[in-house]
Amino acid sequence: MDEGLQFMINNTMNEKNKQQNENFDSNQKGIRAVVIGSGISGMTAAVKLAQAGAFVTLVSPFPSERSQSVMAAGGINAVLKSCDVGDSVESHIEDTLKGGAYLAGEKAVKGLCSSAEKVIEFLEQVGTVFTVDEKGQPEKRVFGGQSHKRTCFSGSSTGKQIVSGLVMETRRYEAKGLIKRMLWSCFHSALIKDGVCYGVIVFNETTGSLEEIYGDAVIIATGGQNSLFGKTTGSTQCDGYTAGKLFMQGATLKNLEFIQYHPTTLETTQKKMLISEAVRGEGGRLFYLENGKRVYFLEDKYGPKGNLLTRDVLSREIEACGREVFLDISFLEPKEIEKRIPEVKEVCQKYRGIDICKEPIPVSPSVHFFMGGLAVHLNHETNIKNLFAIGECASIYHGANRLGGNSLLSAVYSGMIASEEIIARGPSSGEHPDFSEALQEAQNNLRINTSEESKFPAAYIKDMVSETISKNLGIVRREESLKEGISDIDYYLSVADKISYDNSVMIYEVYSLKGILALAKAVLTCALARCESRGAHFREDFPESKDELKYASIIMYDEGDYRVNLDREMQYEN
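Computed from a predicted model, the values in this text were never measured in an experiment.

(A) Local environment of the overall build of the protein. Across its full length, the protein carries 17 helices and 22 strands. On C-alpha atoms alone, the protein measures out to a radius of gyration of 23 Å, which is about the 25 Å that the 2.2 N^0.38 rule sets for 574 residues. In terms of principal-axis extent, the alpha carbons of the protein reach across some 65 × 55 × 55 Å. Looking at the protein residue by residue over its 574 residues, the buried ones come to 58%. Total accessible area computed for the protein in this model is approximately 23900 Å², and 48% of it derives from carbon and sulfur atoms.

(B) Broad picture of a negative patch on the surface. Where like charges cluster on the molecular surface, the negative patch consists of Glu212, Asp434, Glu437 and Glu441. Note on placement: Glu441 falls in helix α14 (residues 436–445).

(C) Structural view of empty space enclosed by the protein. Counting across every chain of the model gives two cavities of 30 Å³ or more. Here the largest cavity is characterised by a volume of approximately 60 Å³. In this structure, the largest cavity is lined by Ile259, Gln260, Tyr261, Arg311, Asp312, Ser315, Arg316, Asn401, Ile475 and Ala536. If you list the elements that add at least two residues to the lining of the largest cavity, you get β12 (259–267) and α10 (311–321). Of the residues assigned to the lining of the largest cavity, the class counts are four nonpolar, three polar and three charged.

(D) Structural view of the sheet that holds strand β19 (residues 387–389). Strand order in this open sheet of five strands is β6-β2-β1-β10-β19, and the pairing throughout is parallel. Looking at the sheet topology across the chains shown, the edges are occupied by β6 (179–182) and β19. Ignoring strand direction, the axes of neighbouring strands in this sheet form an average angle of 20°. Pairing of strand β1 (residues 32–36) with strand β10 (residues 217–220) involves four bridges; the strand directions are parallel. Following the sheet pairing, Val34 is matched in β10 by Val218.

(E) Fine view of the packing of helix α16 (residues 479–494) against helix α17 (residues 507–529). Between α16 and α17, the least distance of the axes is 9 Å, while the angle of their chain directions is 160°. Taken together, the axes of α16 and α17 lie roughly antiparallel to each other. Of the two elements, α16 crosses α17, and the hand of that crossing is left-handed. For the pair α16 and α17, contact is made by Glu479, Leu482, Lys483, Gly485, Ile486, Ile489, Asp490, Tyr492 and Leu493 and by Lys514, Leu517, Ala518, Ala520, Lys521, Leu524, Thr525, Ala527 and Leu528, respectively.

(F) Spotlight on the packing of aromatic side chains. Tallied over the entire structure, the rule returns 17 aromatic pairs. On the numbers, 6.0 Å between centres and 50° between planes, the contact of Tyr198 with Phe435 is tilted. Highlighted residues: Tyr198 in strand β8 (residues 196–204) and Phe435 in the loop between α13 (406–425) and α14, separated in sequence by 237 residues. The interplanar angle of 45° and the centroid separation of 5.9 Å between the aromatic rings of Phe229 and Phe370 together place this pair among those described as tilted. One end of the pair, Phe229, is in the loop between β10 and α7 (241–248); the other, Phe370, is in strand β17 (residues 361–370), and 141 residues separate them in sequence. Since its relative accessible area comes to 5%, Phe229 is described here as buried. Overall, Phe370 belongs to the buried group, its relative accessible area being 1%. Sitting above the plane of the Phe153 ring, Arg141 keeps its charged end 3.7 Å from the centroid. Above the face of the Tyr173 ring, Arg172 is positioned so that its terminal group lies 5.2 Å from the ring centre.

(G) Region of interest: the pattern of salt bridges. Tallied over the entire structure, the rule returns 32 salt bridges. Here Lys521 makes a salt bridge to Asp490, at a shortest N to O gap of 2.8 Å. Of this pair, Lys521 sits in helix α17 while Asp490 is found in helix α16, placing the two residues 31 residues apart along the sequence. With a relative accessible area of 14%, Lys521 lands in the buried category.

(H) Geometry of the pairing of β1. Among the five residues that make up β1, five are buried, leaving the element largely enclosed by the rest of the structure. Neither face of β1 is open: one carries Arg32, Val34 and Ile36, the other Ala33 and Val35, and all of them are buried. Pairing of β1 with strand β2 (residues 55–59), which is carried by five bridges, proceeds in the parallel orientation. Each residue of the ladder has a partner; that of Ala33, found in β2, is Val56. A crossover connection joins β1 to the parallel β2 through helix α2 (residues 40–51); in handedness this β-α-β unit is right-handed.

(I) Representation of the side chain of His92. Summarising the element assignment, His92 is placed in helix α3 (residues 89–99). When its relative accessible area of 0% is taken as the criterion, His92 is described as buried. One polar contact links His92 to Asn406, side chain to side chain, over a distance of 3.1 Å. Ignoring any residue separated from it by four or fewer positions in sequence, one finds His92 in contact with Asn77, Val79, Cys113, Gln146, Arg150, Asn406 and Leu409.

(J) Spatial organisation of unusual backbone geometry. You will see that Asn291, though not glycine, has its phi angle at about 55°, which is positive. With respect to the secondary-structure elements, Asn291 resides in the loop between β14 (285–290) and β15 (293–295). According to the relative accessible area criterion, Asn291 is exposed, its value standing at 78%. For His380, which is not a glycine, the phi torsion comes out positive at approximately 75°. Its location among the elements puts His380 in the loop between β18 (373–375) and β19.

(K) Quick peek at α16. Taking 1.5 Å per residue, 16 residues should reach 22 Å; α16 reaches 23 Å between its end C-alpha atoms and fits that length. Among all positions of α16, only Ser481, Leu482, Gly485, Ile486, Ile489 and Tyr492 are buried. Seen end-on, α16 carries its buried residues on one side only, within an arc spanning 140°. Packing partners of the buried residues in α16 comprise α15 (458–472) and α17.

(L) How the structure looks around the environment of Leu286. With respect to the helices and strands, Leu286 occurs in strand β14. Assessed through its relative accessible area of 0%, Leu286 is described here as buried. Sequence separation between Leu286 and Tyr198 is 88 residues, and the spatial gap between their C-alpha atoms is 51 Å. For Leu286, the residues in contact, after removing those within four places along its chain, are Thr264, Arg280, Val295, Tyr296, Phe297, Leu298, Asn307, Ile318, Val325, Phe326, Leu327 and Val363.

What counts, and where the lines are drawn
- Residues numbered from 1 in each chain as written.
- Predicted model: local features only at pLDDT ≥ 70, side-chain atom pairs only at ≥ 80, totals over all residues.
- Heavy atoms only, no water.
- Helix = DSSP H or I, 4+ residues; strand = E, 2+ residues; numbered from the N terminus.
- Rg over C-alpha atoms; globule rule 2.2 N^0.38 Å.
- Buried < 20%, exposed > 50% of the residue type's maximum accessible area, 1.4 Å probe, protein only.
- Areas by Shrake-Rupley, 256 points an atom, 1.4 Å probe, with all protein chains shown as cover.
- Patch = residues over 30% accessible without salt bridge, like charges linked within 9 Å, V, L, I, M, F, W, Y side chains within 5 Å.
- Salt bridge = Lys/Arg side-chain N within 4 Å of Asp/Glu carboxyl O.
- Lys, Arg positive; Asp, Glu negative; His and termini not counted.
- Charge placed at Lys NZ, Arg CZ, Asp CG, Glu CD.
- 1 Å grid on protein atoms, 1.4 Å probe; cavity = no way out; pocket = protein on both sides within 12 Å on 5 of 7 lines; lining within 4 Å.
- Points joined across faces, edges and corners; volume = space filled by probe spheres on them.
- Nonpolar A, V, L, I, M, F, W, Y, C, P; charged D, E, K, R; others polar.
- Pairing = 2+ DSSP bridges.
- Axes fitted to C-alpha atoms, helices over the stretch in contact; angles between N-to-C directions.
- Parallel < 35°, antiparallel > 145°, perpendicular 65-115°, else oblique.
- Left-handed = near helix turned anticlockwise from the far one by under 90°.
- Contact = heavy atoms within 4.5 Å.
- Phe/Tyr/Trp six-rings, centres within 6.5 Å; stacked < 30°, edge-to-face > 60°.
- Lys NZ or Arg CZ within 6 Å of the ring centre and 35° of its normal.
- Right-handed = clockwise from strand over helix to strand, strands pointing away.
- Polar contact = N/O pair within 3.5 Å; in protein donor to acceptor, adjacent residues only side chain to side chain.
- Expected span 1.5 Å × (residues − 1).
- Arc of directions from axis to C-beta.

What follows is the structure, given as structure tokens:
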């Protein structure tokens, strides 16, 4: 495109955005909030705030339909009035605490599980369509680590259904002028002074400029850090930069060593495709071949429920067997497969030419979910006043290992809790310190280094980071490899300011590298500090759990120093 024409387009769009901002701001006489991330948790918070009359700026690099939330397949846990005989909220609480190796706080988990029915009601109100039984009640399946069937679902595309409902509800409030979407925009940094957050700086990719957005509260809903590991089941949009940058700005992180591997994924050239736990919930069986015969190794070792153990145990068992493992659901009638897990059938056929009605699925474990993230209190506020975190980027409910079906529940519930807290506080005076110096520093970070002094280009460094993390922070860890990983990341940090870019590189790639590297080192540091095995964290050199370490790991950043604490005094949600 002609440079002059591009300049005119960018300038016109910039003026349009500026006018929209002025109109939006001039109408704000109540609470103002900024939500970074527009997946399920971000949209839930935005909708609940708007319902109370607050004005919300919803910032994201892509439309919600492209968020990782649409990939959530299996379902959402809730004990409803139509629950199985013997099931109860107390049972859900115990399953969640036990699945997380008793590392999550009881108050937090009790709040989550007790509100599950309310969450389902909210989702139905915004248009989520759940699979129902002959009585019109939500049908349920059982997921690993659960004592009863309590996972409500929409086929095997539950996340997609929830996103669709929330998108429509968000649009209603956009039309009312209470929610303003800011698309094609990425988080750059928070505006923090003396432990208080006043807003954010975002990079608008459309205009190529930085913009300050002020508010009474900032909610971070940016998901996990998939791209640290290269090929995973998640979206590479979720790279962990926001958490890493906030960490460098003083936010405390927690439980970063607890990384869940999903035991059943399908290898493709692009990524690891999730084979939903719904397949095993419908009776799918894992096996390997020995002398041409099937060996149902999990059932042989653990009994009839061997295929429905928690994800950490299954992942370690699959890796330990040292053989190609298959998941079989072909014994179900094709019409039942089409009804209950159509997306799994479609994925296997599309990407590997496998007809699951006739043949088993080759599966292997892959990074899937991050129990660690920004440390938050029960109200989802971080250690920085007015800065909240929700969804997968917040560490609170899942302890050392998440139960399948609890991620969607916590995504919606956390958005509700944060919005309730912000509404209860009411609007502030609207005054804020002068952040002109911070904005100038941010502008300096956008400069592209095109010199030939750098040994490696930025893209190469990011590839090496994911290779380092995958190699040294796998399902089984040990001290030597963790130290080796930290040493590698330290080297990348030492050359981060000398990395070369060319003009074809997106500006986001320029300023995000340091934050991603800081998070990578923090994850490895937490894994090294926890000298025990618990939940999703397994140390070959410390294979047993230790009672004295049954606390969350809290890590803080102090001018390049990474400090980890594992003690009761540092626990947040208790």
